[in-house]
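An overview of the molecular structure
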2 protein chains.
Amino acid sequence: MIDKIIFLGTSAGMPTNNRNVSSLAVLFDHGKNFWLFDCGEGTQQQLIRAGLKLSKLNSIFITHLHGDHLFGLPGLLATRGLQGVKTNIDIFGPIGLQDYLRSSFEYSETYIPYHLKIHQIEKEKYLTKRLLWKKENHSVFSAVLDHQMDSFGYMIISKEKKSNILPEQLIKLGIQPGPIYKDIKEKRKIILKDGRVIDSDFFIKTVVRVKKICYCGDTVFSKNAIDLSRNADILIHEATFSDQEEYKAKKSFHSTIGDAINIAKLANVKKLVLTHISPRYERSSDNNERWDEFQANANSQLPETIVAYDFLEIKI
Amino acid sequence: MIDKIIFLGTSAGMPTNNRNVSSLAVLFDHGKNFWLFDCGEGTQQQLIRAGLKLSKLNSIFITHLHGDHLFGLPGLLATRGLQGVKTNIDIFGPIGLQDYLRSSFEYSETYIPYHLKIHQIEKEKYLTKRLLWKKENHSVFSAVLDHQMDSFGYMIISKEKKSNILPEQLIKLGIQPGPIYKDIKEKRKIILKDGRVIDSDFFIKTVVRVKKICYCGDTVFSKNAIDLSRNADILIHEATFSDQEEYKAKKSFHSTIGDAINIAKLANVKKLVLTHISPRYERSSDNNERWDEFQANANSQLPETIVAYDFLEIKI
């Protein structure tokens, strides 16, 4: 089950004093493994700082091939090999990803000692939301968004069955709480001292917990982002510019804060986190004004909106 | 004139908690501009931390195309463009560098708004030390070293003419120290009150100051490294392993501390700085022993040897 997400890079285009370029880690099962969404330059260094080990990384999703989402990938994969990790890795991304990696490894004579399973996404198949991958109890859906080049949004849906015991029924039969309840929950065969046999199924209610996280990298306002993120627990959406600079956003095929908030409202998401913030809003001793304006712009429309920062952790 | 060098990355192969992968900045003329030697992933982020602006970077020298010396280059060049820098940049490195950059920019659709002058070095022409480039009062020599792939060492020789005044001669003529000395030094035409005309050339001694810095990236012990670094003020040489792990060094075509020290002694260099340190010597709460051993190994052979660390600055 998804535990938490950690932002590794939240800047648009280039790194700044406070923010690295795009990457997001999604952690599962109490940190037993994690996935990456985007891999800008310096992501492997950010992982060290976040205390995440490459041996626990088993899947990577690249939204699009712009350098600030991609240029950290060859180095990260090479380091994973140098560290002696031998397990396969699944990598998803637009067409071109495979050739980019192949040429990076070719010129640098990099040997990868594990299998890279590269899944290139054909835009034509993802013009609307569609299942991309199913792994254990996780499903990943994808849809193409609207950017200067093919850019894909991703929605992870994790399901977990949980058995809850129904104590009222058991007490009625004279079975008091104790270690026996654990046996019932774990569906062990139970014979009471008086010879009665307990059928666990009658005393257990199975609940399915569902968690939904949607990540939309670079895009303008896109109907597909609404469809993809519908009812998500968290939508992580780019917001490169504040509403005041809508013309800049349009020109560069990026979203404003207002675009992201509209998506979140229309899709009925529970929590919105903005990322991919332009360096123009960089907080510094002489530039707090712009940053305050950016933050106010978000809060005035949807007060609970979170503006991500590097190493922000959100429990799911 | 060369002012100082700043180590931006001193780890071998992969980044660690304390060290980034290879890069070295050489600063000229009171920080007016600088050059880079190698550009491992995360170099642009290290530049931010070191307070160095990409607008002042005008030349880059890549020793070889292994990822830990190269993978930061596309991102750094892209950011330099995004920041609006329009000045050309000269980049030197082995054959393959141009195609690597072209393919990185092609897949990521990166536009570079300035001219990249890529100078690929043909190994056959640099089997022994030879002039590679002359720019203003700097000459760069190069020679191929001995690694798993073509790897080049670089020697910068900077010359600066400095005019020193000879006060004894002037005092003999009754010309006392004062603002007039500055005029003489700057070779302005000088007519004394009594009508005498002073020919500055007679009262000035021109001194040529020479500074020599040699950088040898990945290599085993190499005769070319001796020829290249002869009489250098500073030799920066890789020392991936301590002498105790000579077999590891040999196997991976790297140098031991002893190799680097031998080069420095045979070449009569004034100061030796070791870099490209294997992560196995990483200083940490439970691994001080290996680090101490590494340091002791260097000091026992040449006590004044410096082991580089990230952001170490050395004035020249």
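Residues numbered from 1 in each chain as written. Chains lettered and ligands numbered in written order. Predicted model: local features only at pLDDT ≥ 70, side-chain atom pairs only at ≥ 80, totals over all residues. Heavy atoms only, no water.

Remarks on the pairing of strand β7 (residues 130-135) of chain B
Residue and element names in this part refer to chain B. The criterion, for reference: Strands qualify as paired when DSSP identifies two bridges or more between them. Elements are defined by DSSP. Helices are runs of H or I of four residues or more, strands are runs of E of two residues or more, and each kind is numbered from the N terminus.
Examined bridge by bridge, β7 and strand β8 (residues 138-144) share five bridges and lie antiparallel to one another. Bridge pairing links K135 to H138 in β8. The turn linking β7 back onto β8 is made up of two residues, and E136 within it adopts a positive phi angle of 50°.

Here we look at the pattern of salt bridges
Our working rule: By definition, a salt bridge exists where a carboxyl oxygen of Asp or Glu is found within 4 Å of a side-chain nitrogen of Lys or Arg. Between buried and exposed lies partly exposed: a residue is buried under 20% and exposed over 50% of the maximum accessible area for its type, with that area taken using a 1.4 Å probe on protein chains only.
Across all of its chains, the model carries 26 salt bridges over all chains by this definition. Among the salt bridges present, the one from R209 of chain B reaches E160 of chain B, with a minimum N-O distance of 2.6 Å. Highlighted residues: R209 of chain B in strand β12 (residues 204-216) and E160 of chain B in strand β9 (residues 152-165), separated in sequence by 49 residues. A relative accessible area of 33% places R209 of chain B in the partly exposed class. The salt bridge involving R280 of chain B is made with E245 of chain B; its shortest N-O contact spans 2.6 Å. Placement of the pair is R280 of chain B in the loop between β14 (271-275) and α10 (288-301) and E245 of chain B in the loop between β13 (234-238) and α8 (246-251), with a sequence separation of 35 residues. Connected through salt bridges with shared partners, the residues K223, D227 and R230 of chain A form a single ionic network.

Points about the environment of G42 of chain B
Basically, it comes down to this: The criterion used for residue contact is that any of the two residues' heavy atoms lie within 4.5 Å.
Along the polypeptide, G42 of chain B turns up in the loop between β3 (33-37) and α1 (43-50). Look at G42 of chain B and you get buried, because its relative accessible area is 4%. The spacing of G42 of chain B and N20 of chain B is 22 residues in sequence and 7.3 Å in space, taken between C-alpha atoms. Among residues more than four places away in sequence, those in contact with G42 of chain B are E41 and Q45 of chain A together with N20 and G72 of chain B.

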